[in-house]
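# Residue-level structure breakdown
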Amino acid sequence: DVGAPAEPIGQIDANVANELGLPSNLQLFAGATDGTAGFLASGAAQPGEVNATLGTTLVFKAMSDRFVEDPTGRMYCHRLPGEMWLPGAASSTGGEWISHAFAEADLAAMDRHAAAATPIDVLAWPLVRTGERFPVLKPAFAGFCDHVASEADRFAAMLQGTAFVERMCYHTMQETMGGPQGDTYATGGGSTSNVWMQIRSDVTGSVMHRPAFPEAAFGAAVLAAAGHQQIPVMAAVRQMVQIDRSFVPTAGVRARYDDLYEQFCERVKQEIEICE
């Protein structure tokens, strides 16, 4: 099994144990950063699998059995017990555009329209603030969105555009890491929309799983449980994480999305040339 148990760092103080009503022999285990703990809560447990957190921004962590170095500085690498690694990156693009441009909108109605309207012939990189970190590192990049006939179409295009950015991120991560990408385990506020989850799965071609309990505190509990049971951390992940729902790419739309994604990549090249 991949990974290794977490090692105890000590034992609870007897006075503290008595005050809290806890066992006096309770072992203590080190936690992790919120991002790493969130990865453990996502359900990703095999090399190549990815946790994508779609909140204000898009944050990625993939699992690897080796340290991954990115000479461009776009990616970083965290360590897990057992010489496992989490190469990752953060895009400035995410779901911030929803609260910025659609604060008063009926999002449920917008979602229903997007489900029917996508794939949509509108290219968008929905970046609220100037400057992108990943998959391109361009401080002057401002994103773009083609003209649309309605606000509902713009919403659909920006859901789709965020998914195109995500697809480009996966391509960039694969180029840096090498090897195939496994399934995606999606967390963050953006993952609560079934429509957006399906669009993301269709655009990226990845099976996407949404965990039932994605909180970082749950990931910290997984670490402690692995240490207490003396089992590999990833074995604890598989035992404890429950998947709420999985999304599989829809048959029949891949070719259309591939065509739109090719147009999107060409547009990105043009926009980058303009801002340089």
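Use the structure listed above.
Residues numbered from 1 in each chain as written. Predicted model: local features only at pLDDT ≥ 70, side-chain atom pairs only at ≥ 80, totals over all residues. Heavy atoms only, no water.

## With respect to the packing of aromatic side chains
As a reminder of what qualifies: Two aromatic rings from Phe, Tyr or Trp, using only the six-membered ring of Trp, form a pair when their centres are within 6.5 Å; if the ring planes differ by under 30 degrees the pair is stacked, by over 60 it is edge-to-face, and anything between is tilted. A run of DSSP states H or I qualifies as a helix once it reaches four residues; a run of E qualifies as a strand once it reaches two. Both are numbered from the N-terminal end. Between buried and exposed lies partly exposed: a residue is buried under 20% and exposed over 50% of the maximum accessible area for its type, with that area taken using a 1.4 Å probe on protein chains only.
All told, the structure shown has 15 aromatic pairs when counted by the stated rule. When the ring of tryptophan 97 is compared with that of phenylalanine 155, the centres are 5.5 Å apart and the planes differ by 65°; the resulting orientation is edge-to-face. Here phenylalanine 155 lies in helix H5 (residues 151-177) and tryptophan 97 lies in helix H3 (residues 96-101), a separation of 58 residues in the sequence. Neither residue differs from the other here; tryptophan 97 and phenylalanine 155 are each classed as buried. Where phenylalanine 144 meets phenylalanine 264, the ring centres are 5.9 Å apart and the plane angle is 45°; that geometry is what we call tilted. You can see phenylalanine 144 sitting in strand E8 (residues 144-145) and its partner phenylalanine 264 sitting in helix H9 (residues 254-275), a full 120 residues away along the chain. The burial state of phenylalanine 144 is the same as that of phenylalanine 264; both residues are buried. Ring-pair connections join several aromatic residues into one group, and the members of that group are Trp125, Phe141, Phe144, Phe164, Tyr257, Tyr261 and Phe264.

## Thoughts on a nonpolar patch on the surface
Our working definition: Like-charged residues within 9 Å of one another, or nonpolar side chains (Val, Leu, Ile, Met, Phe, Trp, Tyr) within 5 Å, are grouped into patches, provided each residue has over 30% relative accessible area and no salt bridge. In short, Shrake-Rupley with a 1.4 Å probe defines the accessible areas, and a residue's cover is counted only from the protein chains shown. When a carboxyl oxygen of Asp or Glu lies within 4 Å of a side-chain nitrogen of Lys or Arg, that pair is called a salt bridge.
Taken together, Val16, Leu20, Leu22 and Leu26 make up a surface patch of nonpolar side chains, about 310 Å² in accessible area. Checked against the element boundaries, leucine 22 lands in the loop between helix H1 (14-20) and strand E2 (27-29). Taking relative accessible area as the criterion, leucine 22 reaches 37% and is therefore assigned partly exposed.

## Examining the packing of H5 against helix H6 (residues 194-204)
Stated formally: Orientation is described by lines fitted to C-alpha atoms, with helices fitted over the stretch in contact, and by angles between N-to-C directions that extend from 0 to 180 degrees. Roughly parallel here means an angle under 35 degrees, roughly antiparallel means over 145, roughly perpendicular means 65 to 115, and every remaining angle is called oblique. Whether a crossing is left-handed or right-handed is set by the direction in which the near helix is turned from the far one by less than a right angle, anticlockwise for left-handed and clockwise for right-handed. Residue contacts follow a heavy-atom distance rule, with two residues in contact if any of their heavy atoms lie within 4.5 Å.
Interhelical geometry of H5 versus H6 gives an angle of 45° and a closest axis separation of 9 Å. Between H5 and H6, the angle falls in the class oblique. Between H5 and H6 lies a crossing whose hand is right-handed. Here Leu159, Gln160, Thr162, Ala163, Phe164, Glu166, Arg167 and Tyr170 of H5 lie close against H6, whose contacting residues are Trp196, Ile199, Arg200, Val203 and Thr204.

## Re unusual backbone geometry
Cis geometry marks the peptide bond from threonine 118 to proline 119, where omega comes out at 0°. As for its placement among the helices and strands, proline 119 is situated in the loop between helix H4 (107-117) and strand E7 (124-125). Phi angles above zero are rare outside glycine, and glutamine 230 is one such case at about 55°. Its place among the elements puts glutamine 230 in the loop between helix H7 (216-229) and helix H8 (233-240). Assessed through its relative accessible area of 48%, glutamine 230 is described here as partly exposed.

## Description of the nonpolar core
Stated precisely, the cut-off is as follows: Here, nonpolar core refers to any group of buried Ala, Val, Leu, Ile, Met, Phe, Trp, Tyr and Cys residues whose side-chain atoms link them within 4.5 Å.
Of all hydrophobic cores here, the largest spans 57 residues; its most connected members are Phe60, Trp97, Trp125, Met173 and Phe264. Top contributing element to this core by residue count: H5, with 14 residues. When sequence neighbours within four positions are dropped, the list of residues in contact with methionine 173 reads Phe60, Ala62, Met75, Pro87, Phe134 and Gly178. By size, the runner-up hydrophobic cluster in this structure holds 21 residues, among which are Leu40, Ala44, Met63 and Tyr185.

## Remarks on the sheet that holds strand E4 (residues 58-62)
Where we set the bar: Strands pair, by our definition, only if DSSP identifies at least two bridges between them.
Spatially, E5-E6-E4-E3-E9-E10-E11 is the arrangement adopted by the seven strands of the open sheet, whose pairing is mixed. With partners counted over all chains shown, the strands left at the sheet margins are strand E5 (76-80) and strand E11 (243-247), one partner each. Across the sheet, the mean angle separating the axes of adjacent strands is 25° when strand polarity is ignored. Here four bridges tie E4 to strand E6 (residues 84-91), and the two strands are oriented antiparallel to one another. In the strand pairing of E6, lysine 61 is matched with glycine 88. Along the sheet, H6 makes contact with strand E3 (50-54), strand E9 (184-187), strand E10 (208-211) and E11, crossing E10 at roughly 150°.

## A few points about the environment of glycine 55
Looking at where glycine 55 falls in the secondary structure, it is placed in the loop between E3 and E4. A C-alpha to C-alpha distance of 6.0 Å links glycine 55 and glycine 94, two positions 39 residues apart in sequence.

## Topic: H8
Listed as buried for H8 are Val233, Met234, Ala235, Ala236 and Val237. On its buried face, H8 is in contact with helix H2 (34-42), E5 and H7.

## Considering the pattern of salt bridges
What the rule picks out here adds up to 12 salt bridges. For the salt bridge of glutamate 83 with arginine 79, the shortest nitrogen-to-oxygen distance reads 2.5 Å. With a relative accessible area of 43%, glutamate 83 lands in the partly exposed category. For arginine 254, the salt bridge goes to aspartate 258, with nearest N and O atoms at 2.9 Å. Of the two residues, arginine 254 and aspartate 258 both sit in helix H9, four residues apart, roughly one turn of that helix. The partly exposed category is assigned to arginine 254, whose relative accessible area is 33%. Among the ionic contacts, a cluster of salt bridges with common partners joins Asp121, Arg256 and Asp259.

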